[in-house]
Amino acid sequence: MLTLVWGVNWPVMKLGVTHFPPLSFRTLSMWLGLPVLWAAVRVLRVPLSIPRAEWRELGALTITNMIVWHVVAIVSVQALSSGRAAILGYTMPVFSALWGLALFGQRLRARQLLGVAAAALGVTLLLWHELGRMAGRPWAAAGMLLAAATWALGTQQLRHTRMTAPTLAIVFWMTVLTTLVMTLLAALLEHDRWDAPTPVVWATIVFNAVLIFGFAQPVWLYLARSLPPIASTLSVMLIPVLGVLSGAWWLGEVLHWQDFAAIGLMLAAIASVLLPPAPQRA
């Protein structure tokens, strides 16, 4: 469900920010998504209190896991096609493996190394026909790579956090802080472009509010904290594939043999971490 919702959301976001300022689009989505998230937390009876000693770490996790990603990615999506943005955004597993090696001394098994290599090659193939087009928007491509690298760092930090608060409580307050930052940026940078959203834009906003901030974002952060980083990151590598396919179906983008080869590589990357290891002999 996470893969499906996030994969389809790339052309949904592109449709929304084509007709509405990007930061304001994200801000409205988050304000409408907060009550959905709050209701889910209350139904599950998750306490929302965060010990004062953990506020600083909560702020740091919010910056790397949400603020940089949501600000930079949504602005870049407006300048790129949905498929290209999804591909660049999901270089994140490769960055995650590098962060884990550099900062946390994680050593990957041979099968995991092959999975990271397959993911990197798959992204390269997906970008095969896009490099020339992105040359005219280098800042947007660089922005998506920056967002992916920061998100990967946040995933590693969340996995290694010593915060005692429940994951959903952390997610809720991270979303609140990010919503306030997005609101401030939208008011400062886009107030002169504010206009009443069209019905199509409202539909994309509601999709993001309910399914992204009410479901996908909390589920992802829960997985990122509870699963090993390499497993949680590579297990969602089908999302850029869905982004490319749904963008092609919805926006009429042409697919090539490299796209289908990349799909096979992404499936291999997922299998490298999801398939159980072979049983050891006694």
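A few points on the structure.

## Some details on the overall build of the chain
In terms of helices and strands, the chain carries 13 helices and zero strands. Looking at the chain as a whole, 53% of its 282 residues are labelled buried. Pairs at least 24 residues apart make up 92% of the contacts formed inside the chain by residues separated by at least 6 positions. Entry remark: accessible area of the chain is about 13300 Å², with carbon and sulfur atoms responsible for 70%.

## A word on the packing of helix α1 (residues 2-18) against helix α10 (residues 199-226)
A pair of packed helices can be characterised by two numbers: the angle between their axes and the separation between those axes. Their axes nearest at 10 Å, the elements α1 and α10 cross at an angle of 145 degrees. The element α1 and its partner α10 pack so that their crossing is left-handed. By residue class, the composition of the contact of α1 with α10 is 17 nonpolar, five polar and no charged.

## Here's the deal with the side chain of Thr150
You can see Thr150 is positioned in helix α8 (residues 138-159). By relative accessible area, which is 14% here, Thr150 ends up buried. Engagement of the side chain of Thr150 in a polar contact is seen with the backbone oxygen of Leu146, the distance being 2.9 Å. The residues touching Thr150, leaving out its near neighbours within four places in the chain, are Ile63, Thr64 and Val68.

## Details of the pattern of salt bridges
Evaluation of the coordinates by the stated rule reveals one salt bridge. Where Glu190 meets Arg193, a salt bridge forms, and the shortest distance between an N and an O atom there is 3.7 Å. Overall, the relative accessible area of 44% leaves Arg193 in the partly exposed class.

## Focus on unusual backbone geometry
Phi at Arg45 is positive, roughly 60 degrees, even though this residue is not glycine. Residue class for Arg45 comes out exposed when judged on its relative accessible area of 75%.

## Here we look at helix α5 (residues 92-103)
With 12 residues, α5 extends 16 Å between its outermost C-alpha atoms, agreeing within 8% with the 16 Å of an ideal straight helix rising 1.5 Å per residue. Turning to α5, its buried residues number three or more, namely Met92, Pro93, Ser96, Ala97 and Gly100. The arc enclosing the buried residues of α5, seen along the axis, measures out at 140 degrees, which places them on a common side. The outward face of α5, more than 90 degrees from its buried face, is lined by the exposed residues Leu98, Leu101 and Ala102.

## As for the packing of aromatic side chains
For the coordinates displayed, the defined rule picks out six aromatic pairs. Seen in terms of ring centroids, Trp6 and Trp151 are 5.9 Å apart; in terms of plane orientation they differ by 80 degrees. Their pairing is edge-to-face. With Trp6 in helix α1 and Trp151 in helix α8, the pair connects residues that are 145 residues apart, well separated along the chain. Taking relative accessible area as the criterion, Trp6 reaches 9% and is therefore assigned buried. On the numbers, 5.5 Å between centres and 65 degrees between planes, the contact of Trp151 with Trp220 is edge-to-face.

## Digging into the packing of helix α3 (residues 55-79) against helix α9 (residues 167-190)
Orientation of α3 relative to α9, taken along the N-to-C sense of each, is 50 degrees, at an axis distance of 9 Å. Judged on the interaxial angle alone, α9 and α3 are oblique. The chirality of how α3 crosses α9 is right-handed. Counting all contacts with α3, which are made through Leu58, Leu61, Thr62, Asn65, Met66, Ile67, His70 and Val71, the residues of α9 involved are Ile170, Trp173, Met174, Thr175, Leu177, Thr178, Val181, Met182 and Leu185. Looking at side-chain class alone, the contact of α3 with α9 contains 12 nonpolar, five polar and no charged residues.

## Remarks on the environment of Phe215
Here Phe215 lies in helix α10. Counting along the chain gives 214 residues from Phe215 to Met1, while the straight-line C-alpha distance between them is 9.4 Å.

Scoring rules and cut-offs
- Residues numbered from 1 in each chain as written.
- Predicted model: local features only at pLDDT ≥ 70, side-chain atom pairs only at ≥ 80, totals over all residues.
- Heavy atoms only, no water.
- Helix = DSSP H or I, 4+ residues; strand = E, 2+ residues; numbered from the N terminus.
- Buried < 20%, exposed > 50% of the residue type's maximum accessible area, 1.4 Å probe, protein only.
- Contact = heavy atoms within 4.5 Å.
- Areas by Shrake-Rupley, 256 points an atom, 1.4 Å probe, with all protein chains shown as cover.
- Axes fitted to C-alpha atoms, helices over the stretch in contact; angles between N-to-C directions.
- Left-handed = near helix turned anticlockwise from the far one by under 90°.
- Nonpolar A, V, L, I, M, F, W, Y, C, P; charged D, E, K, R; others polar.
- Polar contact = N/O pair within 3.5 Å; in protein donor to acceptor, adjacent residues only side chain to side chain.
- Salt bridge = Lys/Arg side-chain N within 4 Å of Asp/Glu carboxyl O.
- Expected span 1.5 Å × (residues − 1).
- Arc of directions from axis to C-beta.
- Phe/Tyr/Trp six-rings, centres within 6.5 Å; stacked < 30°, edge-to-face > 60°.
- Parallel < 35°, antiparallel > 145°, perpendicular 65-115°, else oblique.

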